[in-house]
Amino acid sequence: MIGATGVPGPSSRTSLFDSLSQCGISIGVNKEDLRRRVMIPNRLCTAMREAMRLKEATVDMAEPSYVAEEEEPPENPLVVFVNCKSGGRHGPILKGRLQELIGESQVLDLSLVNPSDFVQYGLACLEVLAQSGDSCARITRKNLRIMVAGGDGTVGWLLGCLGELKVQNREPVPPISIIPLGTGNDLSRSFGWGSSFPFAWRHAIKRSLYKAVTGSICHLDSWKVTVAMPAGEEMNLPHNLLELGECTIDQEGDIEGEVPEKTFCFEGVFYNYISIGMDAQVAYGFHNLRDEKPYLAHGPIANKLIYAGYTCSQGWFFTPCISDPSLRGLTNILRISIKKINSNEWEQIPVPPSVRAIVALNLHNYGSGRHPWGNLKPEYLEKRGFVEAQVDDGLLEIFGLKQGWHASLVMVELISAKHIAQAAAIRFEIRGGQWKDAYMQTDGEPWKQPLSSEYSTFVEIKRVPFQSLIVNGDVN
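Everything quoted here is computed from the prediction, not taken from an experiment. (Residues numbered from 1 in each chain as written. Predicted model: local features only at pLDDT ≥ 70, side-chain atom pairs only at ≥ 80, totals over all residues. Heavy atoms only, no water.)

A. Representation of the overall build of the chain. Each helix and strand counted, the chain has 14 helices and 19 strands in total. Counting across all 476 residues of the chain, residues that qualify as buried make up 51%. Long-range contacts, defined as pairs at least 24 residues apart, comprise 77% of the intrachain contacts of the chain with a sequence gap of at least 6. Surface accessibility of the chain: about 22,400 Å² in total, with carbon and sulfur atoms responsible for 51%. (Helix = DSSP H or I, 4+ residues; strand = E, 2+ residues; numbered from the N terminus. Buried < 20%, exposed > 50% of the residue type's maximum accessible area, 1.4 Å probe, protein only. Contact = heavy atoms within 4.5 Å. Areas by Shrake-Rupley, 256 points an atom, 1.4 Å probe, with all protein chains shown as cover.)

B. Representation of the environment of Leu 401 within the structure. Examined against the element boundaries, Leu 401 turns out to sit in strand β13 (residues 396–401). Exposure remark for Leu 401: the relative accessible area of 2% places this residue in the buried category. Between the C-alpha atoms of Leu 401 and Val 359, which are 42 residues apart in sequence, the distance is 8.1 Å.

C. Spatial organisation of the sheet that holds strand β7 (residues 241–245). What the seven strands build is an open sheet, ordered β7-β8-β6-β18-β15-β10-β11; its pairing is antiparallel. Both edges of this open sheet fall to β7 and β11 (347–349), since each of them pairs with a single strand only. Pairs of neighbouring strands in the sheet enclose a mean axial angle of 20°, with direction left out of account. Examined bridge by bridge, strand β10 (residues 334–339) and β11 share three bridges and lie antiparallel to one another. Bridging from a neighbouring strand, Ser 337 pairs with Gln 348 of β11. (Pairing = 2+ DSSP bridges. Axes fitted to C-alpha atoms, helices over the stretch in contact; angles between N-to-C directions.)

D. A look at the sheet that holds strand β9 (residues 273–277). The six strands are arranged β14-β13-β12-β9-β16-β17 in an open sheet whose pairing can be described as antiparallel. Among the strands making up the open sheet, the edge pair consists of β14 (418–423) and β17 (445–450). With strand direction ignored, the average angle separating the axes of adjacent strands in the sheet is 20°. Examined bridge by bridge, β13 and β14 share five bridges and lie antiparallel to one another. Paired with Gly 400 across the strands is Lys 418, a residue of β14.

E. Spotlight on the pattern of salt bridges. Applying the stated criterion across every chain yields a total of 16 salt bridges. Salt-bridge contacts for Glu 75 lead to Arg 36; the nearest nitrogen and oxygen are separated by 3.9 Å. In this pair, Glu 75 is assigned in the loop between α4 (65–69) and β1 (78–82) and Arg 36 in helix α2 (residues 31–38), connecting sequence segments 39 residues apart. Between Arg 335 and Glu 429 there is a salt bridge, with its nearest N and O atoms 3.6 Å apart. You can see Arg 335 sitting in strand β10 and its partner Glu 429 sitting in strand β15 (residues 425–430), a full 94 residues away along the chain. Across the pair, exposure class does not vary: Arg 335 and Glu 429 are buried alike. If you follow the salt bridges from partner to partner, you end up with Asp 33, Arg 36, Arg 37 and Glu 75 in one network. (Salt bridge = Lys/Arg side-chain N within 4 Å of Asp/Glu carboxyl O.)

F. Here's a closer look at the side chain of Ser 468. Take Ser 468: it is sitting in strand β19 (residues 468–471). Side chain to side chain, Ser 468 and Ser 222 meet in a polar contact 2.9 Å long. (Polar contact = N/O pair within 3.5 Å; in protein donor to acceptor, adjacent residues only side chain to side chain.)

G. Layout of the packing of aromatic side chains. According to the stated counting rule, one finds seven aromatic pairs in the structure shown. Note on Phe 81 and Phe 118: the rings are 5.2 Å apart at their centroids and 85° apart in plane angle, and the pair reads as edge-to-face. Of the two residues, Phe 81 is situated in strand β1 and Phe 118 in helix α6 (residues 115–131); the sequence distance between them amounts to 37 residues. The pair Phe 81 / Phe 118 is uniform in exposure class, with both members buried. Judged by centre distance (6.0 Å) and plane angle (85°), the ring pair of Phe 266 and Trp 447 falls under edge-to-face. Highlighted residues: Phe 266 in strand β8 (residues 263–270) and Trp 447 in strand β17, separated in sequence by 181 residues. On the basis of relative accessibility, which here comes to 0%, the residue Phe 266 falls in the buried class. The exposure class of Trp 447 is buried, given its relative accessible area of 0%. An aromatic cluster is built from Phe 264, Phe 266 and Trp 447, whose rings are joined through pairwise contacts. (Phe/Tyr/Trp six-rings, centres within 6.5 Å; stacked < 30°, edge-to-face > 60°.)

Following this line, the structure appears as structure tokens:
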């Protein structure tokens, strides 16, 4: 950009940098240039930190406004959250490298800082300062982006906290970028941030930070799951589900079982998938084993090996001949109803008799980058009444997995999963009988769901009315 005096303006260097990158020319990222773009003034970082500590936000937390008048707001302000428990031994190393690049104040350790406090008090501090006339705080809040170093669960945690801004009418909602430190990293894969982080390349961190502040923004559907079960059973909920107490069950459509008079309800939000059946049972056992013997799981590769071994031990591949056949397939306990796009009517769909796990998928990636729904041909889509799957189309893809051999072939993409439906809303009705428990999971967080022999348990899935924002990492 040329200024009025004919001298190149301050953004000419960054514009050239951006233009070369957009043309596919890969160039190095200058550390000082990066710091200049992302660093938030120290007085604002201090004010935000104080607001989170005191759990309140006031104008008095920052230096006087005349100091702010002399400041140049950052072009691309960035805050990074690091889950140091992810990525084996690499989490703390990454945290140190990030602090070296952009400063300690903008790199937050999730074991020390709750992202909900950051949203409710840290961002509120910037908003209060902006309302008082602090232009630097206003521009910083408007342009702020968030980076998350962790697995899918960590990313989902941050997305959920930031979603509260939309509920509270506190826009704009900062978009998220990802440094993948988890085992599966399906959210990261889906938005171009890769399957794992190349720790051997020090420049990769700078490059990731640059992409985080310059990448385009994508939209992602979010899904709310509400579980209503007969009251009286004790539940050990994963961290991504919250207890609601009593709630009302939607009794529209065809309900087969008895509806309990008193219910215990809990809810959560997922971004990738929800599943019920054998896959969730295996995940539940794996999580318990990892909690009991954490020394066994010290990185993604070790996790995958243990997970594979645990899968074999749970009957996923071999069901004993003496097992009651009525305990094998989900069709014996499960009824599925869906609402199609632009429809308010519940429609019951059959559960295939051979299916032992049912998954409702939002992303293209599942189970560490696999594509169980497959790339379906236009003729098949038309025949089944399906549309091409997208992460922001308001639809979930429902598919089934049979025994472990079928699931294995699906995962290596030799065959597709058992296609069941596409839905804008889903209701599972789970009946007990001989089944004492069912196993469920959302985005890799499993739980054991007690079942009643007298009453049905209901699981209702509906799209959140607003979408999450994720930065596209698939740039040169």
